[in-house]
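Per-entry structural report
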Amino acid sequence: MSSDLHSPDRPKISVITPSLNHGRFLRETIESIVNQSYRNFEHIVIDGGSTDETLDILKQYPHIRWISEPDSILEAYQKGFDMARGEYIIQCCVSDGFLDKHWFRKCIEILDKDIETTVVWGFPQYMSEAGDLHNLPYQEFFNDPPPQKQEFLAMWLANCFVLPEGNYCARSEILKRCFPNAQSEKHFQTHLHLGIMYQLIAQGYCPYFLPVVANYGRTHHDQRGQRLMTIEKPATSLYFRSVHDYGKRLLQGKVTHHFRNGLSEVIGEVRPDDLWGLRKNIWRHKIFRSPLLQVSLFIIMQKIKKRIQRALRVIV
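As the structure is a computational prediction, the values presented were derived from the model and not from experiment.

Topologically, arginine 313 is positioned in helix α12 (residues 297-315). Of the residues examined, arginine 313 reaches a relative accessible area of 57% and is grouped as exposed. Linking arginine 313 and glutamate 165, residues 148 residues apart in sequence, is a C-alpha distance of 43 Å.

Another point: the sheet that holds strand β6 (residues 117-127). The strand order across the open sheet built from 8 strands is β3-β2-β1-β4-β7-β6-β8-β5, with neighbouring strands paired in mixed fashion. With partners counted over all chains shown, the strands left at the sheet margins are β3 (64-68) and β5 (97-98), one partner each.

On the surface, Trp283, Ile287 and Phe288 cluster together to form a nonpolar patch covering roughly 360 Å² of accessible area. Position of phenylalanine 288 among the secondary structure elements: in helix α11 (residues 275-288).

What follows concerns the nonpolar core. Formed by 52 residues in total, the largest nonpolar core has its most connected members in Phe152, Leu153, Trp156, Leu157, Tyr239 and Leu278. Elements supplying a minimum of two residues to this core: β2 (41-47), α3 (73-83), β6, α5 (152-159), α6 (172-178), α8 (192-202), α10 (229-251) and α11. In terms of residue count, the dominant contributor to this core is α8 (8 residues). Once residues within four sequence positions are removed from consideration, tryptophan 156 is found in contact with Phe161, Met197, Tyr198, Ile201, Ala202, Tyr239, Val243 and Tyr246. Core analysis: the next-biggest nonpolar cluster, separate from the first, contains 30 residues, Leu58, Ile90, Ile110 and Ala214 among them.

Criteria and cut-off values
- Residues numbered from 1 in each chain as written.
- Predicted model: local features only at pLDDT ≥ 70, side-chain atom pairs only at ≥ 80, totals over all residues.
- Heavy atoms only, no water.
- Helix = DSSP H or I, 4+ residues; strand = E, 2+ residues; numbered from the N terminus.
- Buried < 20%, exposed > 50% of the residue type's maximum accessible area, 1.4 Å probe, protein only.
- Pairing = 2+ DSSP bridges.
- Patch = residues over 30% accessible without salt bridge, like charges linked within 9 Å, V, L, I, M, F, W, Y side chains within 5 Å.
- Areas by Shrake-Rupley, 256 points an atom, 1.4 Å probe, with all protein chains shown as cover.
- Salt bridge = Lys/Arg side-chain N within 4 Å of Asp/Glu carboxyl O.
- Core = buried A, V, L, I, M, F, W, Y, C linked by side-chain atoms within 4.5 Å.
- Contact = heavy atoms within 4.5 Å.

Structure follows, in structure tokens:
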């Protein structure tokens, strides 16, 4: 299906894929992008100097723009952004891919018609290393959708929610502006996605949720999250602290939160007389979107039963 693709001069979407020695997953990732019904996109692969079959596979897809040289993940994304010509950007790691073949089209339809929206996101789904689909996160959103656009702020302040990095589609210039750089706080340089998330929402940009299973995120033994857990876990804790500190300062009236549209124009703000309502919404999300409430009673009872059994074995 890639025979009709070429690298357009004015692509609507740029898909950026960082890569390093994951050639065993690369073809499936590329094909999930090639199979999108929307065709005016460019695919950019920033390879960190792979020594496996990665480069041989890339050479089989002439529509892909790619480079291969040693770099860090931060440098890789910066190179990808420099190469990107699309109005919108989607990130897709080399072991991940898209499940909805109309995902690009659906994102474009929202972003083209609604200037208030800066980023569109949907459901991710986990995939095993062998390629079997598993858990679907955030299933509660089917019956109780997350708040849209400006209303998303309260949920973010309540639980530090992070958009699924494998499917969100953002306006290019804003994503580039919010992406961590060498001057960013160290923990955001360590965990780039959390740095993007913090800047997007703290600067007042608005996300829009589509109830679509958009992509798969593959779990495998040498994935970045596993290899760098000892580094990224503290960075995650610092992200939570940053969000909580921002919320505290906002509710105390020490900062004013401005909402911005896709042109970075201010379209509203949280005024002093809005703070009481915001505080109530934050607590509502903390209570009713608590992870404990998303677990079925059966699962809770099973966990209690296992703990009791373990305790009894210790006593015996």
